[in-house]
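Read off the chains here:
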Amino acid sequence: MTSLISRSEVGRAGLGVELLLCAVLLGGNAAPAHAEPQAQPAEQAQPPEQAQPAEQAPRSQQPASLRPWHQGVSEERRQKAAQLFQEAREFHRNLLLADARAKYEEALRHWEQPELRFYLGRVLMRIGLPLLAYENLQKSLQWGPGALAREVEDEARAAVGELLQQELSVIEIRCDEPGAAVLLDGKPWFVGPGTERRMVLPGEHIVTARKTGYYVVVKPVVVLAGKHVLGMIEMSIDTTITERRWQAPWAPWAVVGAGAALGLLGGGLTWRASTHHDEAEQKLQRDCGPKCEANDGSEYDQSILENRVAIGSFIGGGVALIAGGALVYMNRTRSYRTEDRGEVKIQLAPAVSAGVAGLSTRISF
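Residues numbered from 1 in each chain as written. Predicted model: local features only at pLDDT ≥ 70, side-chain atom pairs only at ≥ 80, totals over all residues. Heavy atoms only, no water.

**Quick look at the sheet that holds strand β2 (residues 181–184)**
Alright, step 1. The strand order across the open sheet formed by four strands is β3-β2-β5-β6, and the pairing between neighbours is antiparallel. At either end of the open sheet lies a strand with only one pairing partner, and these are β3 (187–191) and β6 (217–223). For this sheet the average axis-to-axis angle between neighbouring strands, irrespective of direction, equals 25 degrees.
Alright, step 2. In this structure, strand β5 (residues 203–210) lies alongside β6, joined through seven bridges in antiparallel fashion. Its bridge partner being in β6, V207 is matched across the sheet by K219. (Pairing = 2+ DSSP bridges. Helix = DSSP H or I, 4+ residues; strand = E, 2+ residues; numbered from the N terminus. Axes fitted to C-alpha atoms, helices over the stretch in contact; angles between N-to-C directions.)

This is the structure we're talking about:
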């Protein structure tokens, strides 16, 4: 990986700069030097990076005892950190980057100091660990202006911007569902409602949201270097619903009842028609003498009409019974599972470095 740190001529700082930086780490009144020691002769191989000489770096006017990273740190711990720093610098100059990283991290366990974080971030960039490098460079800047020499602070911000634009991505997810657990790549992230963002490496990442009684949302999200992915999680209830086709369950049964009533009416009319037919026949026999005159049969008109109405009642009742039975079947209780409508709506925007002001146009897809 190409170094983001500016280079200066070999030998400008000399051994005296290295001693001055050691004294700074031991708690001197000056801020930690940003210059990198140069112990090798000019004709030998150069160190991996060169900063500006210590005498050119602007120093904070705040006394060392008042600087936040000095508070609560004993002299013994600062001396140990300074010793480990010198060992780390030696490994760094010899391009033994894994050993340099281990020494920087050990020094930071003794003393959380901004310039130590800066050097560790540079080593991690060289090793090819951009995410860890970004985190350490951000920590070196967390104390605000003046914690680092001006040139070192500019270099740190430039390195952060370079990482954001070329090697890292940002995922920002919002979940408004209370109590929903949101995971990123299978690891717990946050619990809704809320919005969280995280720096990630480019590639595919899995966003998951879980809540009892809701469908699980699983969404693969592909992020590209230098892009800011914004997502909105929508969850849907997972439950079983029981319902009927019509809200009034009595309606189909009313049709069945109407069919039954028509059938009973038809039966009654059939009985009346039979009775009237018998009465008309008896009357004819009673009134008819030895020789009956021709008769138009009008005595049977009422029974015939009642019989026809009865037949119509039977037909209508049967139709109503069949229709009512079908409606009762169609309106039976039904149970079904709600539809899964869970989703993660994604937007894409260019990533913006910490040192760059401005807004980007978001592209929905």
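**Side note on the packing of aromatic side chains**
Alright, step 1. The tally for this structure, following the rule as stated, stands at six aromatic pairs.
Alright, step 2. Between F85 and Y104, the ring centres sit 6.2 Å apart and the planes meet at 50 degrees, which makes this aromatic pair tilted. Within this pair, whereas F85 is found in helix α2 (residues 75–93), its partner Y104 is found in helix α3 (residues 97–110), the two being separated by 19 residues in sequence. Grouping residues by exposure puts F85 and Y104 together as buried.
Alright, step 3. One aromatic cluster is present, built from ring pairs that chain together F85, Y104, F118 and Y119.
Alright, step 4. Over the face of the ring belonging to Y119 we find R89, whose NZ or CZ atom lies 5.0 Å from the ring centre. (Phe/Tyr/Trp six-rings, centres within 6.5 Å; stacked < 30°, edge-to-face > 60°. Buried < 20%, exposed > 50% of the residue type's maximum accessible area, 1.4 Å probe, protein only. Lys NZ or Arg CZ within 6 Å of the ring centre and 35° of its normal.)

**Some points on unusual backbone geometry**
Alright, step 1. Here G192 and P193 are connected by a cis peptide whose omega angle stands at 0 degrees.
Alright, step 2. Relative to the helices and strands, P193 is located in the loop between β3 and β4 (194–200).
Alright, step 3. Not every positive phi belongs to a glycine, and L95 is a case in point at roughly 60 degrees.
Alright, step 4. Within the fold, L95 resides in the loop between α2 and α3.
Alright, step 5. Phi at D185 takes a positive value of approximately 55 degrees, unusual for a residue other than glycine.
Alright, step 6. In this fold, D185 is placed in the loop between β2 and β3.
Alright, step 7. Taking relative accessible area as the criterion, D185 reaches 38% and is therefore assigned partly exposed.

**Some words on the pattern of salt bridges**
Alright, step 1. Counting across every chain of the model gives nine salt bridges.
Alright, step 2. One salt bridge in this structure joins E75 and R78, with 2.6 Å as the shortest N-O distance. Here E75 pairs with R78, and both are found in helix α2, just three residues apart, close to one helical turn.
Alright, step 3. On the basis of relative accessibility, which here comes to 37%, the residue E75 falls in the partly exposed class.
Alright, step 4. You can call R78 buried: its relative accessible area is 12%.
Alright, step 5. Between E90 and R93 there is a salt bridge, with the nearest N and O atoms lying 2.6 Å from each other. In this pair, E90 and R93 both sit in helix α2, three residues apart, roughly one turn of the helix.
Alright, step 6. The exposure class of R93 is buried, given its relative accessible area of 5%. (Salt bridge = Lys/Arg side-chain N within 4 Å of Asp/Glu carboxyl O.)

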